[in-house]
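Spelled out, the chains give:
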Amino acid sequence: MLNRSPVVRLSPTAQRLNYVGDGSSVGLMVKYRIVFREHQMMKCPSPIAGMVWPARPLDDYLGELRAHGYTVVDGLISDAALERIKTVTAQQIAQLEPAPPTFDDRFGVPHGIAWSQDVCNAVTHPAALWVLRAYLGASNIRFCHQPAMTVLRPAKDLIGQFPEAGWHADYPYHPDVYPDDRWRDDAVYGVQFNLCVDAFRPENGATQYVPDSHLRRRWPPRALNEGGTRIGTAPHDQVMQMQAPAGSALIYDSRTWHRACPELNVSGEDRLAILNAVCPAWVRSMVDKQAGTERYRASNMAAQLDPQVRDEIEALCHADRIPPPAGAPVILEKQFVGPRKIQI
């Protein structure tokens, strides 16, 4: 069997240094130092002793993501950690003011990285981060909002209803952010990384999506948001639901057309997930993350974390944005009208 060298995609920084026209030793040292660091960051990790790990080779998940814009990476959170996350989340929900409705609602429980070591471990799992970095072609990535613990309440009055609207693509592919509603650039600027604390099933409102819609490179057409979504009936005849076991991650290209469907949570139970919008580090954050950073720094969480987890949290959640590469699209500042239901 032939030994194949891994394919390393250089970041824009490394690409810009690739020419080094004068051939100076300093320039070459800088160039190869960056290339070596990128190689180390992008190298596929091996299973780590004592850590839950995906069942398949990581290249399989990356291949699915590249082929279909969507994959489910299993085995990222242990059963014991899932139970701890649910327990501490319930405690945090009890402290929310005003108290969220019991039914027909979807809301966020902010600052998860300040009150759960297990959340910190989950959002920095090296297997998931490798898939994200490899798909984006960048070792230097950021969360564009702080990790968002999100609760989908069971439906009651919504059962049997077909609410209009909700179809969208994720950040930064928003009409008021990306400079055009037709995304002609071949590069990928966003991936959604949603960790399933509870399994995503049809009966508990698993996210609806249109397979391969990221290839259309445009915002969802108006017809998708009119008349309510009836799976199997045009214009929603191609709609499916993102199903995944507890402890796994739904990872999909941010250009994918999708919607939350609270009317379909007929399970009678809450469904929890940790949402993360992931972009290259030069992309402007979706929201101001400073409040989350201050809350994390005021907690004692950093001292409880493994050094590698702590470093990743610093880079993903708190580090400053870096300058964009030459030729990158201008990502405008996101404008929000009114309060957000999901606190990020």
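Since this is a predicted model, take the numbers as computed values, not measurements.

1. Some remarks on helix H3 (residues 58–68)
Residues spaced three or four apart along an α-helix face the same direction, because each turn holds 3.6 residues. Residues of H3 that are buried include every one of Leu-58, Tyr-61, Leu-62 and Leu-65, and no others. Burial along H3 is one-sided: seen end-on, the buried residues are contained in an arc of 100°. The inward-facing, buried residues of H3 contact strand E1 (70–73), helix H7 (126–136) and strand E8 (249–253). Just beyond H3, the residue with positive phi is Gly-69, at close to 75°.

2. Let's talk about the pairing of E8
A regular strand places its side chains on the two faces of the sheet in alternate fashion. In terms of burial, E8 is largely enclosed, as five of its five residues are buried. Side chains Ala-249, Ile-251 and Asp-253 project from E8 onto one buried face, and the interleaved Leu-250 and Tyr-252 project onto a second face that is buried too. Where strand E5 (residues 191–196) and E8 come together, five bridges link them in antiparallel fashion. Following the sheet pairing, Val-191 is matched in E8 by Asp-253.

3. Considering helix H8 (residues 290–298)
Residues Gly-292, Thr-293 and Tyr-296 constitute the buried set of H8. For H8, the arc enclosing every buried residue in end-on projection is 100°, short of the 170-degree limit, so these residues lie on one face. Residues of H8 that are buried sit in contact with helix H5 (112–115), helix H9 (301–304) and helix H10 (307–318).

The rules behind the values
- Residues numbered from 1 in each chain as written.
- Predicted model: local features only at pLDDT ≥ 70, side-chain atom pairs only at ≥ 80, totals over all residues.
- Heavy atoms only, no water.
- Buried < 20%, exposed > 50% of the residue type's maximum accessible area, 1.4 Å probe, protein only.
- Helix = DSSP H or I, 4+ residues; strand = E, 2+ residues; numbered from the N terminus.
- Arc of directions from axis to C-beta.
- Contact = heavy atoms within 4.5 Å.
- Pairing = 2+ DSSP bridges.

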